[in-house]
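# Topology and contacts: notes
Chain by chain, the residues run as shown.
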Amino acid sequence: MGLAQFFQELDRLAADSLEAFSRAQDVATLESGRVEFLGAKSGRLKDVQKQLGGVPPDERPAAGKRFNEVKQQIQSAFDSARDRIHAGVTQVPQAHVFDPTEPGRRQRIGRRHPITQTIEELKDIMGRLGFAVADGPEIEDEWHNFEALNIPRQHPARDPLENFYLSVAGATGNTVRLLRSQTSTVQIRVMERTPPPIRIISLGRVYRPDTADATHYPMFHQMEGLLIDRQVTMADLKSVLRMFASSYLGTDVHIRFRPSFFPFTEPSVEVDFQWNDGWTEFGGAGMVDPHVLQSVGYDPEEVTGFAFGLGIERLCMRRHGITDIREFYKNDVRFLEQF
Ligand code: PHE
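### Describing the overall build of the protein chain
Counting its secondary structure elements, the protein chain contains 11 helices and 10 strands. Here the C-alpha radius of gyration of the protein chain, 42 Å, is well above what a compact globule of 339 residues would show, namely 20 Å. Once the C-alpha set of the protein chain is aligned to its principal axes, its extents read approximately 130 × 55 × 40 Å. Put simply, the protein chain has 339 residues, and 40% of those count as buried.

### Some thoughts on the site of the ligand
Taken together, 14 residues lie near the ligand, and Gln182, Ser184, Arg208, Gln222 and Gly309 sit nearest. A distance of 2.8 Å is found between an oxygen atom of the ligand and a side-chain nitrogen or oxygen belonging to Arg208. In the environment of the ligand, an oxygen atom lies 2.9 Å from a nitrogen or oxygen atom belonging to the side chain of Gln222. A majority-of-atoms criterion places the ligand in the largest pocket. Of all the secondary structure elements, the ones that give two or more residues to the shell around the ligand are helix 7 (184-193), strand 6 (219-229), strand 9 (277-288) and strand 10 (304-311). Counting residues per element, the shell around the ligand draws most heavily on strand 10, at 3 residues.

### Quick word on the layout of surface pockets
Taken as a whole, the largest pocket holds about 1100 Å³ of empty space. For the largest pocket, the lining is made up of 46 residues, of which Arg208, Phe220, Gln222, Glu281 and Gly283 are closest to its centre. At the level of secondary structure, the elements contributing two or more residues to the lining of the largest pocket comprise helix 7, strand 6, strand 7 (254-262), strand 8 (265-275), strand 9, strand 10 and helix 10 (312-320). Ranked by the residues each element gives to the lining of the largest pocket, the list is headed by strand 9, at 7 residues. One number sums up the size of the second largest pocket: a volume of about 220 Å³. Around the second largest pocket, the lining residues are Arg108, Ile109, Gly110, Arg111, Arg112, His113, Pro114, Val333, Leu336 and Glu337. The residue makeup of the lining of the second largest pocket, split by class, is 4 nonpolar, 2 polar and 4 charged.

### A short note on the pattern of salt bridges
Summed over all chains, the structure comprises 27 salt bridges. Between Arg44 and Glu36 there is a salt bridge, with its nearest N and O atoms 3.3 Å apart. In this structure, Arg205 engages Glu138 in a salt bridge whose closest nitrogen and oxygen atoms are separated by 3.3 Å. On the criterion of sequence distance, the pair formed by Arg205 in strand 5 (residues 198-207) and Glu138 in the loop between strand 1 (132-133) and strand 2 (139-140) is long-range, its members being 67 residues apart. Classification of Glu138 by relative accessible area gives partly exposed; the value is 26%. Among the charged side chains, a network of salt bridges with common partners joins Asp11, Lys65, Arg66 and Glu69.

### Thoughts on the side chain of His221
Topologically, His221 is positioned in strand 6. Within the structure, the side chain of His221 is placed 2.8 Å from the side chain of Glu313, a separation counted as a polar contact. Looking at His221, its side chain comes within polar contact range of the side chain of Tyr329, at 3.4 Å. For His221, the residues in contact, after removing those within four places along its chain, are Ile115, Ile119, Gly204, Arg205, Leu310, Gly311, Ile312, Glu313 and Tyr329.

### With respect to the sheet that holds strand 2
Pairing between the strands of a sheet is mediated by backbone hydrogen bonds and can be parallel or antiparallel. Overall, antiparallel pairing links the 3 strands, which are arranged 2-4-3 in an open sheet. Lying at the two open borders of the sheet, with one neighbouring strand each, are strand 2 and strand 3 (165-170). Relative to strand 4 (residues 173-179), strand 3 runs antiparallel, the two sharing 6 bridges. Of the residues in strand 4, the one forming a bridge with Tyr165 is Leu178.

### Re the packing of helix 1 (residues 3-23) against helix 3 (residues 44-51)
Where helix 1 meets helix 3, the axes come as close as 11 Å, and the angle between the chain directions of the two elements is 170 degrees. As judged from the angle between their axes, helix 1 and helix 3 are roughly antiparallel. From helix 1, Phe6, Glu9, Leu10, Arg12, Leu13 and Asp16 reach across to helix 3, where they touch Arg44, Leu45, Val48 and Gln51. In terms of residue class, the contact of helix 1 with helix 3 is built from 5 nonpolar, 1 polar and 4 charged.

### Concerning the nonpolar core
Counting residues in each nonpolar core, the largest one holds 42 residues, and the members touching the most others are Met126, Met223, Leu241, Phe244, Phe273, Phe306 and Phe308. With 6 residues, the top contributor of residues to this core is helix 8 (residues 234-248). Apart from the residues within four sequence positions on either side, Phe244 is in contact with Leu122, Ile125, Met126, Leu129, Met223, Phe273, Leu310 and Leu315.

### Topic: the pairing of strand 8
Counting buried positions along strand 8 gives 8 out of 11 residues, so the element sits mostly inside the fold. In terms of strand pairing, strand 7 meets strand 8 through 8 bridges, oriented antiparallel. Directly across from Arg256, in strand 8, lies its bridge partner Asp272. Sheet topology note: the strand 8/strand 9 ladder contains 9 bridges and is antiparallel. Its bridge partner lying in strand 9, Val271 is registered against Gly283. Where strand 8 folds back onto strand 9 in an antiparallel hairpin, the turn is made up of 1 residue, including Asn276, whose phi is positive at roughly 65 degrees.

Reading the values: rules and limits
Each residue is numbered by its place in its chain's sequence as written, counting from 1. The model is predicted, so local features are restricted to residues of pLDDT at least 70 and side-chain atom pairs to those at 80 or more, both for listing and for counting; the totals for chains, interfaces and linings are taken over all residues. In computing side-chain properties, one takes all heavy atoms of the structure into account and sets aside hydrogens as well as water. Strands are runs of DSSP state E lasting at least 2 residues, helices are runs of H or I lasting at least 4, and numbering of each runs from the N terminus. With the radius of gyration taken over C-alpha atoms, the globule rule is written as 2.2 Å times the number of residues to the power 0.38. Burial here depends on accessible area, computed with a 1.4 Å probe over protein chains only, as a share of the maximum for the residue type. Under 20% is buried, over 50% is exposed, and the range in between is partly exposed. The nearness test applies per residue and asks whether one of its heavy atoms lies within 4 Å of the molecule or strand. N or O atoms within 3.5 Å of each other form a polar contact, as long as, within protein, one can give a hydrogen and the other can take it, and as long as residues adjacent in sequence are counted only when both atoms are side-chain atoms. Buriedness of a pocket was judged along seven lines, with at least five required to meet protein on both sides within 12 Å; pockets are open sets of points on a 1 Å grid over the protein atoms alone, cavities are sets where a 1.4 Å probe fits but cannot get out, and lining residues have an atom within 4 Å of a point. Each molecule is assigned to a cavity or pocket provided more than half of its atoms lie within 2 Å of the corresponding grid points. Grid points are joined across faces, edges and corners, and a volume is the space filled by probe spheres set on the points. Just so you know the grouping, Ala, Val, Leu, Ile, Met, Phe, Trp, Tyr, Cys and Pro go in nonpolar, Asp, Glu, Lys and Arg go in charged, and all remaining residues, Gly too, go in polar. Take a side-chain nitrogen of Lys or Arg and a carboxyl oxygen of Asp or Glu: if they are within 4 Å of each other, that pair is a salt bridge. A contact between two residues is defined here by any heavy atoms of the two lying within 4.5 Å. Two strands qualify as a pair provided that DSSP identifies no fewer than 2 bridges between them. Geometry is summarised by axes, namely lines fitted to C-alpha atoms with helices restricted to the contacting stretch, and by angles between N-to-C directions that run from 0 to 180 degrees. Roughly parallel covers angles under 35 degrees, roughly antiparallel covers those over 145, roughly perpendicular covers 65 to 115, and oblique covers all other angles. Take the buried Ala, Val, Leu, Ile, Met, Phe, Trp, Tyr and Cys residues and link them wherever side-chain atoms come within 4.5 Å; each set so joined is a nonpolar core.

Next up, the structure:
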């Protein structure tokens, strides 16, 4: 047999075997391929090897070299097919074996939102000052959000651009409702159903159509306070707010009132706290307006009181050095898990 013919035989063998092994998908096909090409007794590789003897002696070294190369090729084609099929087999789920020496798997436990944590702490502080917690709805009517708070129909605070109005369908037609723009609504609800004296706080969401930026968000939280009794004065208001501020922010906090206007308090003030550096406004306050006391059936000659409303996000931001209110509502755990 000439060298050229021997090479031809080898090439055909290589092509056939590489194709067979690359197609093999299961152990049985792989095994029949192994017998056909690599079989020790009558495999095709063995047959070709026998023909090596028929090649003229001077061409035998070249023939032997080529033979060994092809043998290598076929062997590694078989090996990779075997690995591939074996890997597929091991993906079949194995029965779970319980290994008591394996380390345990730690459960990731969530935590309360920083605003919720702040609300709990504020309730605690005010509770120690004798204030009970009251609640009110977030969807309000105009009486509780405006009218009873001495905010008449033509007042700019009732502008549709300043509020989230809702139209609620009912049996007798549509009724105007709105997402409450302040927690002062709860003052009215509590006074309507409770005779004086009163000493409550109410903490919850309020809504205003503001564009979100570092200091504004269309939804935020307020803490409302209301104290009604005989002979309550502005000095009581200031004492309560000072005690509150030094409990929440620190004993070195200072408090300042700036004259302001709210329809439901007279006089009215803006409340600023100073802590570490500069003054920051935290909300509004004042002595409850006699009109408001009358609207809930109280006698302004008998009782007086004060009210205040503070921004909860702002308190929490000041305490923790948070500079952007939007962080609270991005739901980024990297931010939230710091609290
Ligand atoms: N409701 C006022 C506001 O949202 C705050 C306030 C509450 C002012 C109570 C006076 C008394 O800005």
